[in-house]
Amino acid sequence: MTTHSHAYEETTDVETDLTQGDDSGDSLTGHDEYDNELTTEGLELEERQALRRVVGMSTELTDISEVEYRKLLLERVLLVGVWTEGSAEDAENSLAELKLLAETAGSEVLDGVIQRRKKPDPATFIGSGKVADLRNLVASLGADTVIADGELAPAQLRNLEDRLKVKVVDRTALILDIFAQHAKSKEGKAQVELAQLQYMKQRLRGWGGNLSRQAGGRVGAAGGGIGGRGPGETKIETDRRRINTKIAKLRRMLKNMKSTRSTMRQERRRNLVPSVAIAGYTNAGKSSLLNRITGAGVLVEDALFATLDPTTRRTTTADGRVYTLTDTVGFVRHLPHDIVEAFRSTLEEVADADLLLHVVDGSHPDPLAQIQAVREVLAEIDASDVPEIIVINKADAADPLALAPILHREPGAIVVSARTGEGIDKLRELLEGALPQPLVALEVLLPYDRGDLVSRIHSEGSVEQLEHTAEGTHLTARVHPGLAGDLTPYAIA
């Protein structure tokens, strides 16, 4: 994992009061003391104050030959979450997802704990008393990094690092790190760098001499000279100015790339080619579905955020009509706002689509939460009004009983397996039926020397009836107004 070893925050003369909300003196407790259905209402004192161990967090080595390699390269991390609402199962699912994110970033997960609170502690996220327990756990496990399941404020990040004496990373920084590893295109790398700089700008932090001011007051090589006297500018202010300059440069670069992408979309609109966007939770099988339908050959990997760069492929319906399928970046719960903003030009492929294939991982423990998380991001990018087909993927690995609640809540959903091909033909039929239909209905008799018009009707319109007669090709079809004008001379009254 390539995250920076310290959070960035400007130091002040007034330290945050770490004693606020102190709940020290309590120890780590076992898993079976908690009712899975317990909610925040009526919290018992013992439940609020205890960190609870989550079973099964440790990364397992499947190949003993990997041991030395992993010891050399992988960070040893401890996961910590705060359970504020929902059931214990929801909190554990969230921490299990954080484990997958950490492993995707290249870490060895040692353990995971959850703190039961009504809300995160404003100073230390889990409460200053629990920090002492966490420090003991870090020391006993030999962890060198703690990852928090949430976005930490700069003060929380600094206080935790000062108390735990190891690197602390929050969920946002972890996701940014994964994006940085997986971005391949020039646009993707620029988008990730922009999001990282926006995140870093609020967390600039100086250490020792780095806070000293520029020299001033003396003339000569050792001083600032005329115009350089006075208090000068702090190092941290210089860093912040450089970050702002870089952010402005990246935004200009992305604006130019956005123009190129918009031109490509306008060309498809000019030719009236319907567009279908594939969106959904990360690792739900979007790229596999694109490959299965179009034979695109896109990278497929059982990992979170394996593909970030959008891929568009042209394909045809059963009757020859052309449309495009676009694979987009995956979503995740609490997707950082900076990522959504940086990838807005890419996500516009979803907002401008005629149809959305919303892919859901049917084998996931909580697929309904995935659907909700994706729809929240769709609302943020103004794509809530795009017609949607729920595609429940990984039918070969899913429990049929677990799929029943999704099918009950989403009656129009379809169950498929991109791996085995199960349900793909039915999905194609459903997709083609949901594509927008051309506006103009007409009946024409085309001479056999106008095969070009017959081909255009097949690729740009929808053929309802076709018959070859002695006089020519007799068609009943629906086409767009531009093609209808070219067919007017051959129309049958």
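Just above, that's the structure.
Keep in mind it's a predicted model, so treat the numbers as computed, not measured.

Caption draft 1: The arrangement of the sheet that holds strand β13 (residues 462-468) in detail. Reading across from one edge, β12-β14-β13 is the order of the 3 strands in this open sheet, with antiparallel pairing throughout. Of all strands in the sheet, those with a lone pairing partner are β12 (440-446) and β13, marking the two edges. Here the strands of the sheet are splayed against their neighbours by 10 degrees on average, with no regard to which way each runs. Here β13 runs beside strand β14 (residues 473-479); their pairing, made up of 6 bridges, is antiparallel. Paired with Ser-462 across the bridge in β14 is Arg-478. Lying over the sheet, helix α15 (residues 451-460) contacts β12, β13 and β14, oriented at roughly 35 degrees with respect to β14.

Caption draft 2: Here's a closer look at the pattern of salt bridges. Applying the stated criterion to the full structure yields 17 salt bridges. The residue Glu-410 makes a salt bridge to Arg-375 at a minimum N-O spacing of 2.9 Å. A residue pair is termed long-range when its members are at least 10 positions apart, and Glu-410 in the loop between α13 (400-409) and β11 (414-415) and Arg-375 in helix α12 (residues 367-380) qualify at 35 residues. Classification of Glu-410 by relative accessible area gives buried; the value is 12%. Residue Asp-486 is joined to Arg-456 by a salt bridge in which the shortest nitrogen-to-oxygen separation is 2.9 Å. Remark: Arg-456 occurs in helix α15 and Asp-486 occurs in helix α16 (residues 481-487); sequence separation between them is 30 residues. Overall, the relative accessible area of 27% leaves Arg-456 in the partly exposed class. Look at the salt bridges and you will find they share partners, linking Glu-97, Asp-149, Arg-171 and Arg-333 into a network.

Caption draft 3: View of the sheet that holds strand β8 (residues 322-327). In space, the 6 strands of this open sheet follow the order β7-β8-β6-β9-β10-β11, with mixed pairing throughout. Pairing within the sheet leaves two strands with one partner each, and these edge strands are β7 (311-316) and β11. Sheet topology note: the strand β9 (residues 355-361)/strand β10 (residues 388-393) ladder contains 6 bridges and is parallel. Directly across from Leu-357, in β10, lies its bridge partner Ile-389.

Caption draft 4: Focus on the packing of helix α3 (residues 88-105) against helix α6 (residues 171-182). The contact between α3 and α6 brings their axes to 9 Å, and the two run at 40 degrees. Considering the angle they form, α3 stands oblique to α6. Handedness of the α3/α6 crossing: left-handed. Within the contact between the two elements, α3 uses Ser-94, Glu-97, Leu-98, Leu-101, Ala-102, Thr-104 and Ala-105 and α6 uses Arg-171, Leu-174, Ile-175, Asp-177, Ile-178, Gln-181 and His-182. Considered class by class, the residues forming the contact of α3 with α6 number 7 nonpolar, 4 polar and 3 charged.

Parameters at a glance
- Residues numbered from 1 in each chain as written.
- Predicted model: local features only at pLDDT ≥ 70, side-chain atom pairs only at ≥ 80, totals over all residues.
- Heavy atoms only, no water.
- Pairing = 2+ DSSP bridges.
- Helix = DSSP H or I, 4+ residues; strand = E, 2+ residues; numbered from the N terminus.
- Axes fitted to C-alpha atoms, helices over the stretch in contact; angles between N-to-C directions.
- Contact = heavy atoms within 4.5 Å.
- Salt bridge = Lys/Arg side-chain N within 4 Å of Asp/Glu carboxyl O.
- Buried < 20%, exposed > 50% of the residue type's maximum accessible area, 1.4 Å probe, protein only.
- Parallel < 35°, antiparallel > 145°, perpendicular 65-115°, else oblique.
- Left-handed = near helix turned anticlockwise from the far one by under 90°.
- Nonpolar A, V, L, I, M, F, W, Y, C, P; charged D, E, K, R; others polar.

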